[in-house]
Amino acid sequence: MEIISYVGKSSRSRKFVMPDFSAFSNGISSVIPKFSTLKKRPHIFSTEKTFTYQPFSPELKSFDVQKVRKPFNIKSLLTIVGHSVTLVQDYIYDNSKRCFSVFLISAALVAAGFGIYKAAYRFINFTGAISLPSEDSLEVLNKLMASFALEGTVDYDESGKIFNSDSVSKVQEFTQPVTYQNYTVKSGDTISGIARKFGLTNISTLISVNDIGNVRQLAAGQKLKIPSIDGIVYTVKPGDTLDGIVKKNGIRLDALLDVNELYSETLTKGQQLFLPGASLDQKTLKTAMGDRFIIPIQAKFRWTSPYGWRIDPIANVRSFHTGTDMACPTGTPVVAAMSGKISTTGINRVYGNYVIIDHGNGYQTLYAHMSKIIVSKGQWISQGTRIGLVGSTGYSTGPHLHFTVYKNGKMIDPMTILK
């Protein structure tokens, strides 16, 4: 019985020890004649003969026993599965009341856990909705942002031309060869201030001649080459001609020849020419001046509320949205859209945890509703530096980044500067 029970319940092999009666059976068969023999010769079995009993001790032998396995096939598998399903159905049917009670208790526990999670999440990430004053919400938010942003001073236009430069600059005839002098940058200098000091009318000139990749990286003690006239440096490419260069940059051929002291129209690859009166294209100029911003969320996100008028998602009234929103999970890194100085960090009931960066070129950017700030006031940062983590603090309905841009003290649509 032990062997039968073991084989039926276990899949492992096991060693059993059993007595071997084979020798005893062989001995009996040698003494007791076979039935066929007795039938033919009954006289060999006589009551007169006696048998001598010999004690017998069976020999113990060990052998392995393991569960008998049936060969695998689809039919047997489906049979077993179907049998199991039937057993489960019968069990549920026989215990339907208990199973229903367990289901209700489990659902209640899951709902309670989810409710606790949402309550904890809201407690951590929300400061609660605010009641805006009766005055227009745009005016309220605009005043608040105005107190955040530091109004920058920019005295040049989109093409790099310095405002009112014609009245203070000398007349540039472009008839004499260009000459250069050196200047050492002093503390407090600006690119436009240096240009004005030497009678230049466009900041493109200093940027091009000195191959400045980022104006804000200029530092006191750095030496600059100052040309005697406005213009940019151009490197000749294969196939270039004087006529083509003149037409492309809108300059006069005679001025190009005089300024560069050219006596032949033959150009060589890599030759550098000074193009008098020309200026950098806006894309190159914006890059050098730090006007080309990157999107402050580099991970996957979803654009939600754009800049402009909308129905407030909390107050359900028409209001002006002061920036653009990027929805993404809490904890997503927020990076600086452009290099600059951290001018303000803090927390309030409108923007929650916020950071404002002064980019030093008339631009300020606000990053709001963050769950965590990882920079400090006064810190200089590069474009792409992490400044915080996405959250839902302040006047918010869910985790997202609110991004506001100020230019020269006025709010603008962030999409106009994001690439």
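Heads up: these notes are all about the structure in this document. (Residues numbered from 1 in each chain as written. Predicted model: local features only at pLDDT ≥ 70, side-chain atom pairs only at ≥ 80, totals over all residues. Heavy atoms only, no water.)

1. Observations regarding the overall build of the chain
Regarding its fold elements, the chain presents eleven helices and 19 strands. In the chain, which comprises 419 residues, the proportion classed as buried is 36%. Considering only intrachain contacts with a sequence separation of at least 6, the fraction spanning at least 24 residues in the chain is 69%. Entry remark: accessible area of the chain is about 26100 Å², with carbon and sulfur atoms responsible for 57%. (Helix = DSSP H or I, 4+ residues; strand = E, 2+ residues; numbered from the N terminus. Buried < 20%, exposed > 50% of the residue type's maximum accessible area, 1.4 Å probe, protein only. Contact = heavy atoms within 4.5 Å. Areas by Shrake-Rupley, 256 points an atom, 1.4 Å probe, with all protein chains shown as cover.)

2. Observations concerning the sheet that holds strand β11 (residues 333-335)
If you trace the three strands from one edge of the open sheet to the other, you get β11-β17-β15, paired in antiparallel fashion. Bordering the open sheet on either side are β11 and β15 (372-373), each of which pairs with just one other strand. The pairing of β11 with strand β17 (residues 386-389) spans three bridges and is antiparallel. Across the sheet, Pro 333 pairs through a bridge with Leu 389, a residue of β17. (Pairing = 2+ DSSP bridges.)

3. Some thoughts on the packing of helix α9 (residues 242-249) against helix α10 (residues 253-260)
Where α9 meets α10, the axes come as close as 10 Å, and the angle between the chain directions of the two elements is 110°. Comparing the axis directions of α9 and α10 gives the class roughly perpendicular. Regarding α9 and α10, the two cross each other, and that crossing is right-handed. Here α9 contributes Leu 242, Asp 243 and Val 246 to the contact with α10, which in turn contributes Leu 253, Leu 256 and Leu 257. When grouped by side-chain class, the residues that make up the contact of α9 with α10 number five nonpolar, no polar and one charged. (Axes fitted to C-alpha atoms, helices over the stretch in contact; angles between N-to-C directions. Parallel < 35°, antiparallel > 145°, perpendicular 65-115°, else oblique. Left-handed = near helix turned anticlockwise from the far one by under 90°. Nonpolar A, V, L, I, M, F, W, Y, C, P; charged D, E, K, R; others polar.)

4. Digging into the environment of Gln 272
Relative to the elements of secondary structure, Gln 272 occurs in strand β6 (residues 272-276). Gln 272 gets classed as exposed once you look at its relative accessible area, which sits at 56%. Separated by 38 residues in the primary sequence, Gln 272 and Tyr 234 have C-alpha atoms spaced 5.6 Å apart. Leave out the neighbours within four places in its chain, and Gln 272 touches Val 233, Tyr 234 and Thr 235.

5. Examining the side chain of Asp 230
Position of Asp 230 among the secondary structure elements: in the loop between β4 (223-227) and β5 (231-235). For the buried Asp 230, no salt bridge is present, and the opposite-charge side chain at shortest range is Lys 161, 8.9 Å distant. Here the side chain of Asp 230 touches Thr 205 through a polar contact of 2.9 Å, side chain to side chain. (Lys, Arg positive; Asp, Glu negative; His and termini not counted. Salt bridge = Lys/Arg side-chain N within 4 Å of Asp/Glu carboxyl O. Polar contact = N/O pair within 3.5 Å; in protein donor to acceptor, adjacent residues only side chain to side chain.)

6. Considerations on helix α11 (residues 282-289)
Residues lying three or four places apart along an α-helix face the same way, a consequence of the helix completing one turn every 3.6 residues. All of the buried residues in α11 are Leu 285, Ala 288 and Met 289. In an axial view of α11, the angular spread of the buried residues amounts to 90°, which keeps them on one side of the axis. Looking at the packing, one finds that the buried side of α11 touches α7 (191-197) and α8 (204-209). Sitting at the head of α11, Asp 281 places a side-chain oxygen 3.2 Å from the backbone nitrogen of Lys 283. (Arc of directions from axis to C-beta.)

7. A short note on the packing of aromatic side chains
Enumeration over the complete set of coordinates arrives at four aromatic pairs. Pairing Tyr 367 with Phe 403 gives two aromatic rings, centres 5.3 Å apart and planes at 50°, and the pair type is tilted. Of the two residues, Tyr 367 sits in strand β14 (residues 363-370) while Phe 403 sits in strand β18 (residues 400-407), which places them 36 residues apart along the sequence. Relative accessible area serves as the criterion here: at 0%, Tyr 367 is assigned to the buried category. (Phe/Tyr/Trp six-rings, centres within 6.5 Å; stacked < 30°, edge-to-face > 60°.)

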